[in-house]
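Letter by letter, the chains look like this.
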Amino acid sequence: MAHFAELDINNKVLRVVVACNQDIINNGGEQSEQAAEYFKTICKLSEDGVKWVQTSYNNNFRKHYAGIDYTFNSTKNKFIAPQPFASWSLDSNDDWQAPVAYPTVTTYGDNVRYFVSWNETGQKWIAYDKEGNQFAWIPSSLSWISTGI
C-alpha cells in the first residue's frame, strides 16, 4: 500500500492516509507529482491542506515515514521529525541531537537495561533502574551517578 502525507501551507504534516498501489502506478509512479495530483481526486484535502506528498512506510525514500507534525523539506526531498526538545538541533543528516551525547553505558548488573530519558530542565540524561532509582549521566567520566531520588 502507498501512503500520502497531507501538508499545510508551512509543509507541516496534517495526516497520513493509505492509497492503492495500482492508482500510483497508473498515474506517474512512486514519488511523482502526477500521482500526488491524482490522489487529490480520490482523497480530498482537508480545510488546511494544500498538497499531498508520498511517504514510505518502510523509510525507503524521503528519510522518514511521515507523521503528524513532521515537516516536509522540499529542497532536501525528505520528511523531518518534530524537534523533541528546544535545546536539540539538527545534525548534517537531519537527525535531532541533544546538546549532550547519548550515554554510552545503557545497562547495569547482569546486562539489565536502564530506562534512559532526556531531562530538558537540567540539560542532562537521566536513567532509572528496575527498582526506580534515578541516576544522572556524567559525560566526563562516562558513568552514571545516583541522584538519591
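The numbering scheme is per chain: residues are counted from 1 as the chain's sequence reads. The predicted nature of this model means local features are confined to residues of pLDDT at least 70 and side-chain atom pairs, given and counted, to a pLDDT of 80 or more, with totals for whole chains, interfaces and linings taken over all residues. The basis for the side-chain values is all heavy atoms of the structure; hydrogens and waters are excluded.

Runs of H or I in DSSP of at least four residues are treated as helices and runs of E of at least two as strands, each being numbered from the N terminus. Helix and strand counts for the protein stand at two helices and 13 strands. In this setup the radius of gyration rests on C-alpha atoms only. A globule is expected at 2.2 Å times the number of residues raised to 0.38. The C-alpha radius of gyration computed for the protein amounts to 21 Å, which surpasses the reference 15 Å derived for 149 residues by more than 25%, pointing to a less compact arrangement than a globule. Its C-alpha atoms give the protein principal-axis dimensions of about 60 × 30 × 25 Å. Burial status across the protein gives 36% buried among its 149 residues. Whether two residues touch is decided by their heavy atoms; if any such pair falls within 4.5 Å, the residues are in contact. Partitioning the contacts of the protein with sequence separation of at least 6, the portion at a separation of at least 24 is 38%. Think of it in three bands: with a 1.4 Å probe and only protein chains considered, a residue is buried below 20% of the maximum accessible area for its type, exposed above 50%, and partly exposed in between.

Two rings from Phe, Tyr or Trp (for Trp, the six-membered ring) form a pair when their centres are within 6.5 Å of each other. A pair whose planes differ by under 30 degrees is stacked, one over 60 is edge-to-face, and the rest are tilted. Summed over all chains, the structure comprises 13 aromatic pairs. When the centroid spacing of 4.5 Å and the interplanar angle of 10° are considered together, the rings of F4 and F39 count as stacked. Pair noted here: F4 is in strand β1 (residues 2-7) and F39 is in helix α2 (residues 33-42), with a separation of 35 residues, a long-range link. This pair shows no difference in class: F4 is buried, exactly as F39 is. Ring geometry for Y108 against Y114: centres 4.7 Å apart, planes inclined by 40°, an arrangement best described as tilted. Residue classification places Y114 among the buried residues on the basis of a relative accessible area of 12%. Of the aromatic side chains, those joined through ring pairs into one cluster are F85, W88, Y102, W118 and W125.

Quick look at the sheet that holds strand β2 (residues 13-19) now. Here three strands make up an open sheet; going across it, the order is β2-β1-β3 and the pairing antiparallel. The sheet is open, and its two edges are formed by β2 and β3 (51-55), each paired on a single side. Strand-to-strand, the axes of this sheet are offset by a mean angle of 30°, without reference to chain direction. Where β1 and β2 come together, six bridges link them in antiparallel fashion. We treat two strands as partners when DSSP finds at least two bridges between them. Only C-alpha atoms enter the line fits that serve as axes; for helices the fit covers just the stretch in contact. Angles between N-to-C directions range over 0 to 180 degrees.

Glancing now at the pairing of strand β12 (residues 134-138). In terms of burial, β12 is a largely internal element, four of the five residues being buried. Sheet topology note: the strand β11 (residues 124-128)/β12 ladder contains three bridges and is antiparallel. Within the sheet, the bridge partner assigned to Y128 lies in β12 and is Q134. Taking the residues that link successive antiparallel strands as the turn, the β11-β12 hairpin has five residues, and the phi of G132 there is positive, at about 90°. Two elements, β12 and strand β13 (residues 143-146), share four bridges in a ladder whose sense is antiparallel.

As a further point, take the sheet that holds strand β10 (residues 115-119). The sheet built from four strands is open, its strands ordered β10-β11-β12-β13 with antiparallel pairing. Each having just a single partner strand, β10 and β13 make up the two edges of the open sheet. Each neighbouring strand pair of the sheet contributes to a mean axis angle of 35°, computed without reference to strand direction.

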